[in-house]
Amino acid sequence: MKKDKTSRTPVSQRAFEVEKPTDTNTIGGTITIEINGEKTIVPLGTTILDACKQKNIHIPTLCHHEDLCVAGVCRVCSVEVEGFRTLQAACAFPITSPIKIKTSTPLVRKARRHIIDLMLSEHYGECYSCIRNQNCELQDLAQEYGVDGYTFGHVTKPTYEKDTSSYSVIRDMSKCVLCKRCVRTCIDLQEVGVLEAIDRGDKTHISTFMEKPLSDVVCINCGQCINRCPTAALHANDPSDEIWNAIDDPKKHVVIQTAPSPRAAIGECFGLAPGQSMTMELNTALKRIGFDGVFDTNFTADLTIFEEGTELIIRLKKALVDKDTSVKLPQFTSCSPGWVKYIEHFYPEYLDNLSTAKSPQQMFGAIFKTFYAQQKGIDPKDIVSVAVMPCSAKKFECNRPEMASSGYKDVDYGLTTRELAKMIKEAGINLPEMPKSHFDSPFGDASGAGLIFGATGGVMEAALRSVIEFVTGNKTEDIFANANIMPVRGFEGVKYVELPIAAVGPVPEILKHLVPSWDFLKGATLKVAVAHGTANAKKIMEDIKAGGKFSECHFIEFMACPGGCIGGGGQPIPTTPEIRKKRAEAIYAEDESLVMRKSHDNPHVIKIYEEFFKEGPCGHLSHKLLHTHYTKRGKFIA
Amino acid sequence: MKKDRKGLVLFSGYKRGDGIKRALEIGRENILFELKSSKLKGRGGAGFPTATKWMLTAAAISEEKFLVCNADEGEPGTFKDRVLLMEYPELVFDGMVIGGYTIGAKEGIVYLRGEYEYMLKTLEDYLEQMRKDKLLGDKILGISDFNFDIKIRLGAGAYVCGEETALIESLEGCRGESRNRPPYPVNTGYNDRPTSVNNVETLASVPHIVIKGGDWYTKHGTDKSSGSKLLSISGDCKKPGVYELPWGTTVREVLKIVDAEDSKAVQIGGASGVCVPVSQFDRKLGYEDIATGGSIMIFNKNRDMLHILKNFMEFFVEESCGQCTPCRIGNVKLLEGVEMLEKGEFTFEYIEKLIELGKTMQISSKCGLGQSSPNSFITILENFKDEILNKRGIGVEI
């Protein structure tokens, strides 16, 4: 038996993994067990839950989640195992001997029903007034087990005050059933560790350090806890009422930008299987709802590639040509607001490595209230800018005091995929039935490079598609088939890629004023890395601290959420590795279907540099509007 | 400090170090053999065979192993480990050294109940003396390959930390919560190393068994429950205190020894134990009948059984670690039931439902705490229903 040494979760909250035999054909590699009288062969160390799944036997679960370590605390998955006096938790029982399991006996059924009854007795609220109505695992359990009343009573008053302090995550602990998924998500999956159970017995509840409000602790707003909460104890801070008000106000010009990940996932809220992109249908729906302009965040993703790429080139030139030792490398991406807050709290000494380029959401916000306002002849104070994001941290990001360089709040409201789906339903629209339509001018449709920002490795791939062509003068397709840069794709926690630069080409016009020649890169090896989920980010950061191979990198993409934005804290619930994979596939498929797949090919971006940011990327105006600096927060907050 | 106590095993004479000497003479296999033939079972209450536990720990392959002495004596009504530690430390610590030698541990840890902090200095001094006398530390008694030392760690007052996996969790500096099993501590215990967690009294029995042999030990007690048991006896009796009695002693005999009069009920095994009415006073203490960790609380006819039950249930509501659903919420529901009975505002149907819930808790809770907490609820309501209902003007059968 071994445990994952890197895990920070208390041992009581995780099951041990039995060392699985590499070859299940060897003696002892498998075990013959009996489930409900039927013999079956499973690999050593399989949990009862998984063994039953293989036999299509459904065992109810609540505290169990595919992404998380095992807790075995809700006990709803109890089964009978011959020879044991007590029932065993199927999720936490690794099979190491030829056991006989019974999954549906009177004792088991009664125990499960009792457990559900007990949870309902302390779960405050009624389903019809709940944000998770019809998407609640407790509700599902109650239905599955035919609960038709509150056997052991039901709380009629909230037991805890709601914590609405955070821009992103609202904690309504009266609805908590103490499955501890949020605790395991925070401490183990994300290695942030904001949430933990405190007190004992019936006073046990999930809380923060010193029971401070969520806005006052090191929460990075990633919202992964929301995605894994079985009830509505955790949910995002929903601004849809304010957005409706703005739409209904004739004086307001309400614009909306949509990020690629919500488009790849919102169909799930309308009953579609994961992995079907709704980009064009969503455009129509948003226009019908009453938004005055519907734009593609990928436009500013393309712009980000210019700004962030140029920044990298400037850093590299300063370091390699000017021998400026104050330049910080590797450069870190800054488009994930969860990651930005993570580094502010946990590695503030590396804040200078963070690209100063704002995230695509914030760049668009700044452009709406400057360039767009000018073009349309609208007073920027009358523009309300909404961003549909897969993300709960974007709500915090748009409220950062740093994000008002246009003189106004760049983005007024961050809206999650789930909240937008609710608005669409409220407007009486069935999204999958919508006709397709394009994004509005003047920003139009964007490149596939911007689109793949949604999946882990996407920002890196988008950047490389442009960098390769800028520096070598060759086509990306000449090096990577179909311009698909496979080494940076996939769900491996940390990816590391080296790209030798054998020959250099001419410097493109747009960058000539910054670098006269690429000669300094000739023969160099570009080293890049990609991490998703802050636990993986932490691995890279610790390696950099120790002077390991990642400290030699030039550019590193960090995403706070597992899988990147497609697994963001604002995405439809549930989330599993399988669902995230499907969403990523949808994004990559959409990218391949496009003609324009590189940021530097986007004519609207070229145009905005010609007409508005006339000094080019990283010029004076772009610095004012498209770049920012962040705050050293540290772990200790007064 | 030592009181004049008399008993069959633990309170019989013993000279410090003798058990260790004998153990090193006969070797590991013979120690395990004697233990096995002694049929010694864990004295904390669960009654797991000590020889098996040590064999499993000894057989586990690891560079490092631990022996933990569970001195988190927290069961309401038990105070026998306190007596052993303060008056017979030679038995406990010699037992630990023998255990460490047998399972191959280099380190022993005493997990001492937080409330016993006052003992800390005395015990530390005692350990220091053992080190000076070569009974602890490197090369014990000059044997070149046997190094073993003992450290003492204080608990912080949680009842659940008497459960071995929660105890280990607490030792590691975490919140006291029981772990999933399997795996068991004998394979994956403290710091993920094979660990044998033994009760103070179990360890204290070992030196005697090693010296006098397993067969001698089985001469005391019954066939299925060999040897003697320390009982912490309190409540309505003239001579409360710690007694060493052979297993198989009946409740009635115990009451006679401590001079209890007009007894109405005896709670055996503490709050998590069972409540025995007069009609069952001929039942025997032993693993085959009423197993106990040693807490005996005597109640005479003036006591209100419902009040007693309420006290127990309040204890569990507070002391549940709060981890698993059946224990965390179940105990609250049982307490609410007691309060309903107290007020006379209940239906028989609901009380019946609560008894069923108690039975579910017994089989579906994650650890021994929740599995045993409904015991008193079920047995008191079962055995004293007339009293509980009659007193409140109701004469109907539940």
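Residues numbered from 1 in each chain as written. Chains lettered and ligands numbered in written order. Predicted model: local features only at pLDDT ≥ 70, side-chain atom pairs only at ≥ 80, totals over all residues. Heavy atoms only, no water.

A. How the structure looks around the domain arrangement of chain B. All names here are of chain B. Per the domain assignment, the segments of chain B are domain 1 (18-218), domain 2 (228-300) and domain 3 (305-390). Averaged C-alpha coordinates put domain 1 and domain 2 at centres separated by 27 Å. Listed per partner, the contact involves 17 residues of domain 1 and 19 residues of domain 2. When domain 1 packs against domain 2, the two sides together hide about 1300 Å² of surface, and 59% of this comes from carbon and sulfur. (Domains from an automatic or database assignment. Contact = heavy atoms within 4.5 Å. Buried area = accessible area lost by both parts, 1.4 Å probe.)

B. Fine view of the pattern of salt bridges. Applying the stated criterion to the full structure yields 70 salt bridges over all chains. E319 of chain B is paired through a salt bridge with R200 of chain A; the nearest N and O atoms lie 3.0 Å apart. Separated into two different chains, E319 of chain B in helix α10 (residues 305-319) and R200 of chain A in the loop between β7 (196-198) and β8 (205-207) make up a pair that spans both. The partner of E344 of chain A in a salt bridge is R400 of chain A, and the shortest N-O contact between them spans 2.9 Å. Here E344 of chain A is found in helix α10 (residues 337-346), whereas its partner R400 of chain A is found in the loop between α12 (393-398) and β14 (413-416), with 56 residues between them in sequence. Pair check on accessibility: E344 of chain A and R400 of chain A agree, each one buried. (Salt bridge = Lys/Arg side-chain N within 4 Å of Asp/Glu carboxyl O. Helix = DSSP H or I, 4+ residues; strand = E, 2+ residues; numbered from the N terminus. Buried < 20%, exposed > 50% of the residue type's maximum accessible area, 1.4 Å probe, protein only.)

C. Highlighting the side chain of T202 of chain B. Residue and element names in this part refer to chain B. Residue position: T202 is located in helix α7 (residues 200-212). For T202, a relative accessible area of 1% translates into the label buried. In contact with T202, other than residues within four places in its own chain, are L40, K41, G42, R43 and T50.

D. Structural context of the sheet that holds strand β5 (residues 100-102) of chain A. Residue and element names in this part refer to chain A. Pairing is mixed across the open sheet formed by 5 strands, whose spatial order is β2-β1-β5-β3-β4. Because the sheet does not close on itself, it has two edges, and the strands there are β2 (38-43) and β4 (88-89). Note: strand β1 (residues 30-35) against β2, 6 bridges, orientation antiparallel. Counterpart to I35 in the pairing with β2 is E38. Here helix α2 (residues 106-122) sits on the sheet and contacts β3 (78-81) and β5; the angle it forms with β3, its principal contact strand, is near 155 degrees. (Pairing = 2+ DSSP bridges. Axes fitted to C-alpha atoms, helices over the stretch in contact; angles between N-to-C directions.)

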